[in-house]
Amino acid sequence: MKPHIVCLMMTSVDGRVLTEGWAIDAPSDIFESAHDELKGDAWLVGRVTMEEDFDAGGEWERGLATGPIERTNWYAKPDAGQFAIALDRAGKLNWKRNEIDGEHFVAILSEDVPDDYLAFLRKQGVSYVFGGAGEIDFAKVMDTLARDLGIKRLLLEGGGGVNGSVLNAGLVDEIVQFVLPLTDGRPDAPSLFDIRPDWRGSRKLMLLSCEADEKGIVKLHYRVENR
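Residues numbered from 1 in each chain as written. Predicted model: local features only at pLDDT ≥ 70, side-chain atom pairs only at ≥ 80, totals over all residues. Heavy atoms only, no water.

1. A word on empty space enclosed by the protein
Within this structure, the stated rule accounts for 1 cavity of 30 Å³ or more. Lining of the largest cavity is provided by Phe54, Asp55, Ala56, Trp95, Lys96, Arg97 and Phe105. Considered class by class, the residues forming the lining of the largest cavity number 4 nonpolar, no polar and 3 charged. (1 Å grid on protein atoms, 1.4 Å probe; cavity = no way out; pocket = protein on both sides within 12 Å on 5 of 7 lines; lining within 4 Å. Points joined across faces, edges and corners; volume = space filled by probe spheres on them. Nonpolar A, V, L, I, M, F, W, Y, C, P; charged D, E, K, R; others polar.)

2. Considering the packing of aromatic side chains
Enumeration according to the criterion identifies 7 aromatic pairs in this entry. Consider the rings of Trp60 and Phe120, whose centres lie 5.9 Å apart with planes at 35°: the pair is tilted. Here Trp60, found in the loop between α2 (47–53) and β3 (83–87), pairs with Phe120, found in helix α3 (residues 115–124); they are 60 residues apart in sequence, far enough to count as distant. Residue classification places Trp60 among the buried positions, given a relative accessible area of 8%. For the pair Trp74 and Tyr128, a centre-to-centre distance of 5.9 Å together with 25° between the ring planes defines the contact as stacked. Of this pair, Trp74 sits in the loop between α2 and β3 while Tyr128 sits in strand β6 (residues 127–130), and the two are 54 residues apart along the sequence. Judged by relative accessible area, which is 22%, Trp74 ranks as partly exposed. In textbook terms, an aromatic cluster arises when at least three aromatic residues are bridged by ring pairs, as seen for Trp60, Tyr117 and Phe120. The positively charged end of Arg62 is found above the aromatic ring belonging to Trp60, 3.7 Å away from the centroid. (Phe/Tyr/Trp six-rings, centres within 6.5 Å; stacked < 30°, edge-to-face > 60°. Helix = DSSP H or I, 4+ residues; strand = E, 2+ residues; numbered from the N terminus. Buried < 20%, exposed > 50% of the residue type's maximum accessible area, 1.4 Å probe, protein only. Lys NZ or Arg CZ within 6 Å of the ring centre and 35° of its normal.)

3. Notes on a negative patch on the surface
A cluster of acidic residues, Asp29, Glu32, Asp36 and Glu37, forms a negative patch on the protein surface. Summarising the element assignment, Asp36 is placed in helix α1 (residues 28–38). (Patch = residues over 30% accessible without salt bridge, like charges linked within 9 Å, V, L, I, M, F, W, Y side chains within 5 Å. Areas by Shrake-Rupley, 256 points an atom, 1.4 Å probe, with all protein chains shown as cover. Salt bridge = Lys/Arg side-chain N within 4 Å of Asp/Glu carboxyl O. Lys, Arg positive; Asp, Glu negative; His and termini not counted. Charge placed at Lys NZ, Arg CZ, Asp CG, Glu CD.)

Now the structure itself:
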């Protein structure tokens, strides 16, 4: 059991996703419009994206745990209906609130995070889900999100590391990619899918639609043929 997963991203023609330094501004209105049209129950981003775009940086409050905390999933608002999810394996995000625009925050964690961090999340009212010890088991996580929170349609929105991990696990169903008319070329810039270290093979895509606007932005919509 898992949500239907659509990867929604905006890239350069060479597949890079770090918009800083680009020759043109990334049109956020186009992305937000597509986000709304896809009607997801939830969206998922990586730690860096959540930290930079949603004010979750800095040091989180220590010293809150009064004893060991059991490594079981914990939900502050399981019936929220709409969720904003961040992959934060090591527990680094400094959550300042527990929702954005009515979408409840959920953290995906490794069981290795300290008790203090779990106590901090509980104080902030941020739900959390465990993905195993060490590396995250995304199949397990997606099953949990579907069963416990009722998420049926999830939008996967970067960065390249979390996109690549979910794709590598064979869980991405569709890709909606806006290709902007510019190059990047930075060899160390994140791409649409960055897979490390256990690459499990390429994925064949079936083109569902292709549109171009007057500004040269191309919208590609693919179905992923997972083995």
